[in-house]
Amino acid sequence: MRCFRYREDRLPVFLFVALLALDLIVYVVVEPLWVLVLWMVTGIFLKGFVASWSHHHQHFHTFHQAWPNRMLELVHAFHTGCVTNLWVLHHVLGHHLHYLDQRLDENAWRRADETEMGVLEYTMTLAATSYWRAYMVGRAHKQHQRRFLGMAALFFSLQTALLYYNWLNALLVFVVPMTTVFLLTCWSTHDQHAGLDTEDPLHASYNVTHKWYNILSGNVGYHTAHHLKPHLHWSRLPELHRTLETRIPNHLYRQPGLPVRWLPAA
């Protein structure tokens, strides 16, 4: 029986599970504070890329069977703070339907008075409201909402148990990296749409074609293509982008942030 829907997902899944295994080893065996802090900083960098893969998974499930999808979502949650169906509700059934209308967009970059938020205000607003907005979207999607609430309860119960057993190690290995990555995820979405007030989907997203950015993020840089076909598997986005690139204005192409910008672009 085939487990993976696309073979391209095998390596990323292995790496994410291996990273969680290393987290657990560090949590259980490491005592020196400096080692814990070094691992925390390293973890924040590595887990920052996991967020985009979690996003891809919640658009297009990695496995054919339900139970490995739930287990992978639990792995993603420990890295990113995004539990099962958080982005299905908030992002897939919210933002993707409403991103051309700032009055409705769950990722709105405009205030109620129609002025544009700065990136810090946007980040904190999105981070503070994501779980609540997902719950509210879930009122019209009860099955997704029940799964969201159930897996959130399981995840935060496991986090509480880790804190109870060894609060310092849990804080540095799991809680601080997870929270930081969640904030960075919200921050990064500001660069994808902010300031683009249009009804044309070809003009509504910024794109990053940098080679290593897309390798590390699973092609999330091809953002116009992603919004046109949000359920297309991440490995197929470059091909779709090639059919669109001449129709996307030059000012909608950007460079990635540091340190990825220092890596080879092509």
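Let us look at the structure shown here. (Residues numbered from 1 in each chain as written. Predicted model: local features only at pLDDT ≥ 70, side-chain atom pairs only at ≥ 80, totals over all residues. Heavy atoms only, no water.)

Counting across every chain of the model gives zero disulfides. Cysteine Cys82 is unpaired, with the sulfur of Cys186 as its nearest cysteine sulfur at 7.4 Å. According to the relative accessible area criterion, Cys82 is buried, its value standing at 1%. With a relative accessible area of 1%, Cys186 lands in the buried category. (Disulfide = S-S within 2.5 Å. Buried < 20%, exposed > 50% of the residue type's maximum accessible area, 1.4 Å probe, protein only.)

Moving on to the layout of surface pockets. Summary: where empty space remains is shown by rolling a probe the size of a single water molecule over the atoms. For the largest pocket, the calculated volume is near 1,000 Å³. Elements that contribute at least two residues to the lining of the largest pocket include exactly α2 (33–59), α4 (86–98), α7 (167–193) and α8 (211–217). Residue contributions to the lining of the largest pocket peak at nine residues, all from α7. Counted by class, the lining of the largest pocket contains 18 nonpolar, 15 polar and three charged residues. Along the wall of the second largest pocket there are 18 residues; nearest its centre are Leu15, Phe16, Trp53, Ile215 and Leu216. Those elements that provide at least two residues to the lining of the second largest pocket are α1 (10–29), α2 and α8. Class assignment of the residues belonging to the lining of the second largest pocket gives a composition of 14 nonpolar, three polar and one charged. (1 Å grid on protein atoms, 1.4 Å probe; cavity = no way out; pocket = protein on both sides within 12 Å on 5 of 7 lines; lining within 4 Å. Points joined across faces, edges and corners; volume = space filled by probe spheres on them. Helix = DSSP H or I, 4+ residues; strand = E, 2+ residues; numbered from the N terminus. Nonpolar A, V, L, I, M, F, W, Y, C, P; charged D, E, K, R; others polar.)

Moving on, we get to unusual backbone geometry. Cis peptide bonds are those with omega within 30 degrees of zero, and the linkage from Leu258 to Pro259 qualifies with 5°. Relative to the helices and strands, Pro259 is located in the segment after α10 (237–244). Its identity is not glycine, yet Glu114 carries a phi of approximately 75°, on the positive side. With respect to the secondary-structure elements, Glu114 resides in the loop between α4 and α5 (119–137). Notably, Asn219 is not glycine yet its phi reads approximately 65°, a positive angle. By the element assignment, Asn219 lies in the loop between α8 and α9 (223–228).

The interhelical angle for the contact between α1 and α7, taken along N-to-C directions, is 160°, at an axis separation of 9 Å. Here α7 runs roughly antiparallel to α1, going by the angle between their axes. Crossing angle aside, the handedness with which α1 passes α7 is right-handed. Where α1 approaches α7, its residues Leu20, Asp23, Leu24, Val26 and Tyr27 are matched on the opposing element by Asn169, Ala170, Val173 and Phe174. Split by residue class, the contact of α1 with α7 holds seven nonpolar, one polar and one charged. (Axes fitted to C-alpha atoms, helices over the stretch in contact; angles between N-to-C directions. Parallel < 35°, antiparallel > 145°, perpendicular 65-115°, else oblique. Left-handed = near helix turned anticlockwise from the far one by under 90°. Contact = heavy atoms within 4.5 Å.)

In terms of nonpolar packing, the biggest core is built from 42 residues, with Phe78, Val83, Leu86, Phe155, Val173, Phe174 and Phe182 touching the most fellow members. Of all elements in the fold, only α1, α2, α3 (66–80), α4, α5, α6 (142–165) and α7 reach the threshold of two or more residues within this core. In terms of residue count, the dominant contributor to this core is α7 (seven residues). One finds Leu202, Tyr222, Leu237 and Leu252 within the second-largest nonpolar core, a separate group that totals 10 residues. (Core = buried A, V, L, I, M, F, W, Y, C linked by side-chain atoms within 4.5 Å.)

Here we come to a nonpolar patch on the surface. Taken together, the side chains of Leu22, Ile25, Val28 and Val29 define a hydrophobic patch exposed on the protein surface, amounting to about 380 Å² of accessible area. Within the secondary structure layout, Val28 lies in helix α1. In this structure Val28 comes out as exposed when scored by relative accessible area, which is 58%. (Patch = residues over 30% accessible without salt bridge, like charges linked within 9 Å, V, L, I, M, F, W, Y side chains within 5 Å. Areas by Shrake-Rupley, 256 points an atom, 1.4 Å probe, with all protein chains shown as cover. Salt bridge = Lys/Arg side-chain N within 4 Å of Asp/Glu carboxyl O.)

Its 27 residues place the ends of α2 39 Å apart at the C-alpha level, agreeing with the 39 Å of an ideal helix rising 1.5 Å per residue. Along α2, the largest kink reaches about 25° and is centred on Lys47. (Expected span 1.5 Å × (residues − 1). Bend = angle between axes of the 7 residues up to and from the residue.)

Position of Glu73 among the secondary structure elements: in helix α3. Judged by relative accessible area, which is 2%, Glu73 ranks as buried. Among the polar contacts listed, one links the side chain of Glu73 to the side chain of His57, at a separation of 2.7 Å. (Polar contact = N/O pair within 3.5 Å; in protein donor to acceptor, adjacent residues only side chain to side chain.)

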